[in-house]
Structures are given as C-alpha cells and as structure tokens.
Amino acid sequence: MKTKATRIMIFAAAAMMAVAFGSCDNRKFRVSGTLADAKDSVLYFENMSLDGPVTVDSVKLDGKGEFSFTDKAPEAPEFYRLRIAGQIINLSVDSTESIVVNASYPTMATGYTVEGSAECATIKELSLKQIDLLNRVVAVERNGNLGFDLTRDSIARMVEAYKQDVKLNYIYKAPMRASSYFALFQTLGNRLIFNPRESEEDIKAFAAVATSWDTYHPKSLRGENLHNIAIQGMRNVRIVRNQRAAQAIDASKVREANLIDISLLDNKGQRRSLTDLAGKVVLLDFHVFGSEGSTKRIMQMRELYNKYHSRGFEIYQVSLDPDEHFWKTQTAALPWVSVRDPEGLQSSSLALYNVRSIPTFFLIDKSNTLRKRDSQIRDLDAEVQALLN
C-alpha cells in the first residue's frame, strides 16, 4: 500500500509540474480601456519590433469605444502601441501586466491616461516632452524673421537641452528601465534625437543602457541590438577622431568587443585598455583606496589573483581616488592592472556600467563578454573557476 501511495504522489507531482510549465508558457498580458469619440474607427494594437511595427490585433470600435487586447508575455521588456490612423499611444510591457488606457479621439496621443504600469506612465512623460520639442522646433522653422544660421543654432540648442534633460533625469538615472531604452530611439521628424553614429556623448547613453540590459535582461534581442549600436558608434567615433588627426587607420583592425571599453593610464604611466585583455578571465573592479575596508578587500583580491593568475585570470582595477600620488603609493606593489580615472566619482564609466556603489566588480569571460556583476555572484571563487575551465 505504501508503494502504491508513493506512486500516486509521484504521478500527482508530475502532473502539477506539467501544469506549471504549461502555464508559464501560456503567460499573457492584457491591454484594455476605452477610446471615446472613435466610433467606426479601427484601433490597431502593434508590436514595435526591431524590424518595425507588426500588427498583433485590431478592432473596429463601437459607440462605447471599449477594447481589450492580449498577447504572450515577453521574456524581456517589449514595446507596443495603440494606433488610429496617425494618432499613437506608446506602451511598454514586462511580464504579465494588465494595462488600462483611456483616451478620446483625435487627441489620444497627448490626452490619454494609463494605469497598471509605471513604465508606460514614464513613456507618456517622454512622449509629451518629445511632442513639445517638435512643436518648438516647427515654430522656429516657420519664423520668417530668423535667418538660416540663427534658425539652425536655435534648434541645435533646443535639441541639446532636451538631450541633457532626458539623459540626466531618465537614462542615467535608471538605465535598466524600458523607458530609458524608449528614450534612446525618440525621433525629431525622421531623425533620431540621440545620434549613435557620430556623437560620442550620445553613444555613452546607448552604452549605459546596453550595459544595464546585459545585466538585467541577459541575451535579450533588444539588449544585444543596443550593444551592437554602442560598439559600432564607438568604432565610428574612433575612426573619425583618428582621421581628423591625419592618422590613417585600417577599419578592419578596429576590434569589436562584447563590453564597453575602458582605456586609462596605469600606475606606471602606460595606457591600458580593458579590451586588450581578451583571452583572459577578467575581474573589472571599481575601487577607492581611501575608503574604509579597502585593505581587507585588496588582500582578498590578491589571494584570488595568486590562485588563478597562472591559469589566465587578470584583474583590471579602476581607482576613483582623487589623490593621484596616494593611489600610486597604494598600488605600487600590486601585481594586476591598476588604472586611475581622473574624473573620480563623476566618471562616465560609472554611468556606463551602472555602478551605484563603490566598490563594485564585474566578471568578464575570455571572449571579452561581460558575464555577471557582484550582486549576481554568491561564490566568486567558483565563478572564476567556471570561466577558466
């Protein structure tokens, strides 16, 4: 009897697991609400894929204007929109949210309300800012009293002020959020507001979000796309900079890597680049030697270094100490790569790697791919061994 009961329990457990796995595969999200004054209009629900808008569903609205759309829950944040003709409401979806949107036509793009998603609320803020910028730019362009140069300079100042606001208050503040990704791809007419091809400062914004998505949404298509854009942008900037310096460069020799490069002077005055350590397992460490507990932490790192360096393990340590002489004194006897960022705690590298506290470290594998940050690692010794094997 005991054996039979055990078998029944096993079968029941297996059935429950099957139901659980099946329910995970069938997770849904829901977008519903009301669009007033839009009787007989067709409301489209579209996925904003990397290849452009794809219609998920549509409905012809009646006098009540009620609608409800569902779709499979995404594994990473995904973007959708509600559209009637040229009026658009942008949305982001993460997991199994239930989002409620209420609006009136034809002012739905600016006058809607959204509930159930903080990200959608932030995207609304960004959309309204974008519309306001566009209106101001159009007003300047239509001002016949302004000459060409003044018109161009006025628009450039407005766009730059907009970018600074968005970078400071949205992108760098929370680069892991879907709204920060959304901000990077806002447009002014048919041009991106943030230029990932030529602007070094804009590329840093792309890199910050890319690095954060590598951590919070690993292997997502959008994260990989951001990564490729940032790497290509840095490559373009590097080529242009060298061309301007009248130094010929072979573009085929510009190495691409799966992480954002850091290139600084070490404690011997030599420039050391993080990507030069390809082929090794690297611990990227952001550190302040003048902080409490620094000595103990350095001793732990030395023990790890001595144990695995001969097998291909390296440490690339970025000091943020304000006193250069103090830093050189503290690092003179250290065997690993010790560099110092003169920008200190204002370093752009901290934003690019989404560093919120010091010290912070990351693990990079032999292919120059950032794998994990300290908050994701329970046993550092075991993680290093796994990457070395």
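Since the structure is predicted, the reported quantities are computational estimates derived from the model, not experimental observations.

Novice: I would appreciate a short explanation of the nonpolar core in the present structure.
Specialist: As a rule of thumb, soluble globular proteins bury nonpolar side chains together. Counting 53 residues, the largest nonpolar core has Ile262, Leu274, Leu284, Phe286, Tyr316, Val318 and Tyr353 as the members making the most contacts within it. Contacts of Ile262, omitting those with residues within four sequence positions, involve Arg272, Ser273, Leu274, Leu284, Phe286, Tyr316, Val318, Ser349 and Tyr353. In this structure, Phe45, Phe67, Tyr80 and Val101 belong to the second largest nonpolar core, which totals 22 residues.

Novice: Would you take a moment to explain unusual backbone geometry for this structure?
Specialist: As a rule of thumb, non-glycine residues mostly have phi less than zero, and peptide bonds are mostly trans rather than cis. Between Tyr105 and Pro106 the backbone carries a cis peptide bond, its omega angle lying at 15°. Geometrically, the link from Ile358 to Pro359 is a cis peptide bond, its omega value of 5° lying close to zero. Along the chain, Pro359 falls in the loop between helix H10 (348-352) and strand S16 (360-364). In this structure, Asp40 is a non-glycine residue whose phi angle is positive, near 75°. With respect to the secondary-structure elements, Asp40 resides in the loop between strand S1 (28-36) and strand S2 (42-49). Here the phi dihedral of Lys219 falls at roughly 65°; this positive angle occurs in a residue that is not glycine. Along the chain, Lys219 turns up in the loop between helix H6 (200-216) and helix H7 (221-244).

Novice: Before we go on, may I ask you to explain the side chain of Lys167 in this structure?
Specialist: In this structure, Lys167 sits in helix H4 (residues 148-171). Exposure remark for Lys167: the relative accessible area of 4% places this residue in the buried category. When neighbours within four sequence positions are excluded, Lys167 is seen to be in contact with Tyr172, Lys173, Phe194, Glu201, Asp202 and Ala205.

Novice: Looking at this model, I keep getting lost on the packing of helix H8 (residues 294-308) against helix H11 (residues 380-388). Mind explaining?
Specialist: Any two packed helices are characterised by how steeply their axes cross, that is the angle between the axes, and by the distance between the axes. At a minimum axis separation of 12 Å, H8 and H11 run at an interaxial angle of 25°. By the angle between their axes, H8 is roughly parallel relative to H11. Handedness of the H8/H11 crossing: right-handed. In contact with Leu304, Lys307 and Tyr308 of H8, H11 contributes Leu380, Asp381, Val384, Gln385 and Leu388. Looking at side-chain class alone, the contact of H8 with H11 contains five nonpolar, one polar and two charged residues.

Novice: Could you clarify how one ought to interpret the packing of aromatic side chains in this entry?
Specialist: Each pair of aromatic rings is reported with the distance of its centres and the angle of its planes. Tallied over the entire structure, the rule returns 13 aromatic pairs. Aromatic pair Phe45 and Tyr80: ring centres 5.1 Å apart, planes at 10°, arrangement stacked. Here the residue Phe45 occupies a position in strand S2, and Tyr80 occupies one in strand S5 (residues 78-84), the gap between them amounting to 35 residues. The buried category is assigned to Phe45, whose relative accessible area is 0%. Residue classification places Tyr80 among the buried positions, given a relative accessible area of 4%. An aromatic cluster of three or more residues is present, and its members are Phe29, Phe45, Phe67, Phe69 and Tyr80. In this structure, Lys124 packs its charged tip against the face of Tyr112, placed 5.1 Å from the ring centre.

Novice: Any chance you could explain the sheet that holds S1 here in plain terms?
Specialist: Neighbouring strands of a sheet are bound in pairs by backbone hydrogen bonds; such pairs are parallel or else antiparallel. Reading across from one edge, S4-S1-S7-S8 is the order of the four strands in this open sheet, with mixed pairing throughout. Looking along the sheet, the strands with just one partner apiece sit at the ends: strand S4 (66-72) and strand S8 (113-115). Between one strand axis and the next, the sheet turns through 15° on average, direction left out of account. As paired elements, S1 and strand S7 (residues 98-104) share seven bridges and run parallel to each other. Each residue of the ladder has a partner; that of Ala36, found in S7, is Ser104.

Rules used throughout
Residues numbered from 1 in each chain as written. Predicted model: local features only at pLDDT ≥ 70, side-chain atom pairs only at ≥ 80, totals over all residues. Heavy atoms only, no water. Core = buried A, V, L, I, M, F, W, Y, C linked by side-chain atoms within 4.5 Å. Buried < 20%, exposed > 50% of the residue type's maximum accessible area, 1.4 Å probe, protein only. Contact = heavy atoms within 4.5 Å. Helix = DSSP H or I, 4+ residues; strand = E, 2+ residues; numbered from the N terminus. Axes fitted to C-alpha atoms, helices over the stretch in contact; angles between N-to-C directions. Parallel < 35°, antiparallel > 145°, perpendicular 65-115°, else oblique. Left-handed = near helix turned anticlockwise from the far one by under 90°. Nonpolar A, V, L, I, M, F, W, Y, C, P; charged D, E, K, R; others polar. Phe/Tyr/Trp six-rings, centres within 6.5 Å; stacked < 30°, edge-to-face > 60°. Lys NZ or Arg CZ within 6 Å of the ring centre and 35° of its normal. Pairing = 2+ DSSP bridges.

These figures come from the coordinates and say nothing about function on their own.
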